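Examination of the molecular architecture
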Amino acid sequence: MAVTTLDAKTALIVIDLQHGIVALPLVHEPQPVIERCAGLAEAFRAHDLPVVLVNVAGGAPGRNEQARHSGDLPADWATLVPAMTPQQNDLTITKKTWGAFHNTALHEELQKRGITQVVICGIATSIGVESTARQAYELGYNVTLATDAMTDLNMDTHNNSVTLIFPRLGETGSCEDIVAQLKSRA
């Protein structure tokens, strides 16, 4: 776990910190994850770097073996938690699949801003976070993952992502490591 550097044009991507997701049976308490993500957002904003707030409002079509939710979701299911209230210059992206790049304007928005690196945090580690990290890596971004600012529905899948998948996609580290890198650039 080592964050060696942050590019001059780095964006923070916060995945699915919304009422419906944080209410799920997560393996870590969601409040510390939310607070760490909010701290990263504050640090990025203080350094005039983009903050992208992502929520999910749907699912990919197709058959799968695991049952999906049926019926209506609560009205506030896709609403971001208060700590993630968008600020004036934040980007907001609503996705319909696991990853934040597929069928959204995220890549185009980051390209317009000259972004070469993304820092990713949020919920769930092995679903939205990992899918977004894989897509960012495939698109050529340098990827950093704030591993203490994420959680999952299953400890095994969380650990698999953090220990086996993320080091193949980029660099991993704590929020403290990432903020230290931001401060060292100032």
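Scroll up for the structure.
The rules we used
Each chain carries its own residue numbering, running from 1 in the written order of its sequence. Totals for whole chains, interfaces and linings use every residue, but because this is a predicted model, local features are given only for residues with pLDDT of at least 70 and side-chain atom pairs only at 80 or more, for both listing and counting. Values reported for side chains reflect all heavy atoms of the structure, with hydrogen atoms and water molecules removed beforehand. Strands are runs of DSSP state E lasting at least two residues, helices are runs of H or I lasting at least four, and both sets are numbered from the N terminus onward. Exposure is judged per residue with a 1.4 Å probe applied to protein chains only, and the accessible area is read against the type maximum: over 50% gives exposed, under 20% gives buried, and values in between give partly exposed. Residues count as neighbours in contact if any of their non-hydrogen atoms are within 4.5 Å of one another. Throughout this description, the term salt bridge denotes a Lys or Arg side-chain nitrogen within 4 Å of a carboxyl oxygen of Asp or Glu.

1. Some points on the environment of cysteine 121
Topologically, cysteine 121 is positioned in strand E4 (residues 117–123). Taking relative accessible area as the criterion, cysteine 121 reaches 0% and is therefore assigned buried. Put simply, cysteine 121 and threonine 132 are 11 residues apart on the chain and 9.9 Å apart in space, counted from C-alpha to C-alpha. Residues in contact with cysteine 121, not counting those within four places in the same chain, are Leu12, Ile13, Val14, Ile15, Cys37, Leu40, Val129, Ala146, Ala149 and Met150.

2. Comments concerning the pattern of salt bridges
Going through the model one piece at a time under the given rule, you end up with six salt bridges. A salt bridge links arginine 36 to aspartate 148, with the shortest nitrogen-to-oxygen separation between them at 4.0 Å. Separated by 112 residues along the polypeptide, arginine 36 in helix H2 (residues 30–46) and aspartate 148 in strand E5 (residues 142–151) bring together distant segments of the chain. Its relative accessible area of 36% is what places arginine 36 among the partly exposed residues. We classify aspartate 148 as partly exposed; its relative accessible area is 26%. The salt bridge involving glutamate 109 is made with arginine 113; its shortest N-O contact spans 2.6 Å.

3. What to know about unusual backbone geometry
Going from isoleucine 123 to alanine 124, the amide bond is cis rather than trans, its omega being 0 degrees. In this fold, alanine 124 is placed in the loop between E4 and helix H4 (125–138). For asparagine 103, which is not glycine, the phi torsion reads 55 degrees and is therefore positive. Mapped onto the elements, asparagine 103 comes out in the loop between strand E3 (91–95) and helix H3 (106–112). Its relative accessible area of 72% is what places asparagine 103 among the exposed residues.

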